[in-house]
Amino acid sequence: MKKTLFIVLYFINTLMFAQQLSNEKRSVSYSSPKLQEQGHQSVQIETDRIFDKLINTRRRFHEHPELAGQEVQTQKIIRQYLLDLGLEVETDIYGYGVVGILKGAEKGRTIAWRADMDALQSSYPDPETFKSKVKDVQHGCGHDIHMTIGLGIAEILAKNKKRLKGTVYFIFQPEEETFKGAKEMLNNGLLSKIHPDEIYGLHVTPLPVGQIMVKPNEMFAYQKKIRIQLKNELSKEKINELTAKLKNSLSRIKAGTKPWEIQNIVDPAIGLTNPETIFKDYLFVDGNFTTYSKNDELSLEAYLYETSSANLDKIIPEVKKMIINNGYKDQLISVSFIQENPTIINNENLTKTAAGILRNIYGKNAVTADYGQIPFFNDDFSYFQQKIPGVYFFLGGSNFEKGIIAMNHSPNFQVDEESIRTGVGCFSSLIMERLKN
């Protein structure tokens, strides 16, 4: 999961909404009558039975994190775990990636589950008792949780192999933090070895533990880095004046709100769970424009976050017009996007189907509707979605009563390990149901 170079605020400065969240009930109901049907009660029993094993595995990942492109020991742990389950295992796709292949008793639909593997370069405080043993490297984004959930799903489905109709591919992907791994796995022939009809994945978020959230289409805002090149004839005062005007002109936000304050995503009054969320319709410049000069050219650069794909093509013409209208037509050389990654776009029909299955089995509160798009972050799972219909879920990892706040890429990032139980149980059930149809 990505963010800009600007540090995301970690400390939640409003205790009111944190208390509201801490009082919320667990989203998934394990007493649903549907658990009695079609083997889903056994999924929960089996998940509970292997839970301690999964916790130990997660803590092993957490204590021994590895950066993108260096996931050597991580690969070995995953490979052996999958082999012990009886899966076919491929490790020669790209980098230190692993693909586990579970074939059911009969032919049928093919489904992929993806989990990312790499850790972060970070010297932030780690509040866990099982701290990272690698200096300045941490699983500060939750990929240790993601891998563990993927292995747990593989174990549950392997135990039910004789009842499965179809094939499940478990893609453990390296180098997500550099936004490289998914693209390179595809470029190196992943889809010539496996042929999934659909693909799923998740990411831990600061939402309350046990809360699953999803929406069709974009889950994150579109991130673009814009560069404006001018003749190097402007004074510092004129540059500051122009960049301030550009920032104000480009901003489209709800009056009185600050969508760039990322901690607001969990606020029930304005966050993602509210139909009137401030994260629904916006465009803003992240921070101030960076300026630098080289020879006779002046460059102004900034990251933009836009929720609507329909507005993306309007940004550059708007910037050019604004510069010209402010008297800098003769100084303007060019305006361009110099960096842009694809964003997560959930398949609309598959998202509705998957959410419906989870609610049918685990109750109407099993999946919470997401009404917005998160800025700053993204995920290269989007490259898989360009080739395969897919759904990417958010999974809550915070427990405010215990002081656990799963704010990714931040100091004291911590995840309530109960999220593993939710992820393994619910998504094992989802895949089992999809293989029946």
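That block above? That's the structure.
Residues numbered from 1 in each chain as written. Predicted model: local features only at pLDDT ≥ 70, side-chain atom pairs only at ≥ 80, totals over all residues. Heavy atoms only, no water.

## Some thoughts on the nonpolar core
Step number 1: Counting residues in hydrophobic clusters, the biggest one holds 59 residues, and the most contacted among them are Phe170, Phe172 and Phe393.
Step number 2: Counting residues per element, this core draws most heavily on helix α4 (residues 143-159), which supplies nine residues.
Step number 3: Those residues within four positions of Phe393 in sequence are excluded, and the remaining contacts are Tyr200, Gly201, Leu202, His203, Ile212, Met213, Val214, Ala354, Leu358, Phe427 and Leu430.
Step number 4: Ranked by size, the runner-up nonpolar core spans 42 residues in total, among them Ala112, Tyr169, Ile199 and Phe377. (Core = buried A, V, L, I, M, F, W, Y, C linked by side-chain atoms within 4.5 Å. Buried < 20%, exposed > 50% of the residue type's maximum accessible area, 1.4 Å probe, protein only. Helix = DSSP H or I, 4+ residues; strand = E, 2+ residues; numbered from the N terminus. Contact = heavy atoms within 4.5 Å.)

## Considering helix α11 (residues 418-436)
Step number 1: Counted at 1.5 Å a residue, the expected span for α11 with its 19 residues is 27 Å, and the 28 Å between its end C-alpha atoms agrees.
Step number 2: Of all 19 residues that make up α11, 17 are buried, and the element is covered over most of its length. (Expected span 1.5 Å × (residues − 1).)

## Topic: the sheet that holds strand β13 (residues 332-340)
Step number 1: Here four strands make up an open sheet; going across it, the order is β11-β12-β10-β13 and the pairing antiparallel. Where the open sheet ends on each side, the last strands, each with one partner, are β11 (283-294) and β13. The sheet shows a mean angle of 20 degrees between the axes of neighbouring strands, taken without regard to direction.
Step number 2: Both strand β10 (residues 222-231) and strand β12 (residues 297-306) contribute to a ladder of ten bridges, which runs antiparallel. Within β12, the position partnered with Ile228 by the bridge is Leu300.
Step number 3: The strands touched by helix α7 (residues 236-250) are β10, β11 and β12; relative to β11, the strand with the most contacts, the crossing angle is about 155 degrees.
Step number 4: Helix α8 (residues 312-325) rests against β10, β11, β12 and β13 of the sheet, and its axis sits at about 150 degrees to β13. (Pairing = 2+ DSSP bridges. Axes fitted to C-alpha atoms, helices over the stretch in contact; angles between N-to-C directions.)

## Examining the environment of Gly86
Step number 1: Here Gly86 lies in the loop between α3 (72-84) and β1 (88-90).
Step number 2: Taking the relative accessible area as the measure of exposure, Gly86 reaches 54% and is therefore exposed.

## So, the sheet that holds strand β16 (residues 390-398)
Step number 1: Strands sit in the order β1-β2-β6-β3-β7-β16-β8-β15 across an open sheet of eight strands; the sheet is mixed. Single-partner strands in this sheet number two, and they are β1 and β15 (367-369). Direction aside, the axes of adjacent strands within the sheet are offset by 30 degrees on average.
Step number 2: Two elements, β1 and strand β2 (residues 98-103), share three bridges in a ladder whose sense is antiparallel. Considered in β2, the bridge of Glu88 is made with Ile101.
Step number 3: Relative to the sheet, α3 contacts β1, β2 and β6 (165-173), its axis offset from that of β2 by approximately 10 degrees.

## A short note on the pattern of salt bridges
Two side chains with opposite charge may pair up if their charged atoms get near one another.
Step number 1: Evaluated as defined, the whole model comprises 26 salt bridges.
Step number 2: Here Lys258 and Glu261 are joined by a salt bridge, their closest N and O atoms 4.0 Å apart.
Step number 3: A network of salt bridges, in which partner residues are shared, links Arg58, Arg59, Glu128, Asp144 and Glu417. (Salt bridge = Lys/Arg side-chain N within 4 Å of Asp/Glu carboxyl O.)

## Some thoughts on a negative patch on the surface
Step number 1: A cluster of acidic residues, Glu233, Asp296, Glu297 and Asp330, forms a negative patch at the surface.
Step number 2: Summarising the element assignment, Glu297 is placed in strand β12.
Step number 3: Take Glu297: its relative accessible area is 32%, and that puts it in the partly exposed class. (Patch = residues over 30% accessible without salt bridge, like charges linked within 9 Å, V, L, I, M, F, W, Y side chains within 5 Å. Areas by Shrake-Rupley, 256 points an atom, 1.4 Å probe, with all protein chains shown as cover. Lys, Arg positive; Asp, Glu negative; His and termini not counted. Charge placed at Lys NZ, Arg CZ, Asp CG, Glu CD.)

Shape descriptors only; they carry no functional weight alone.
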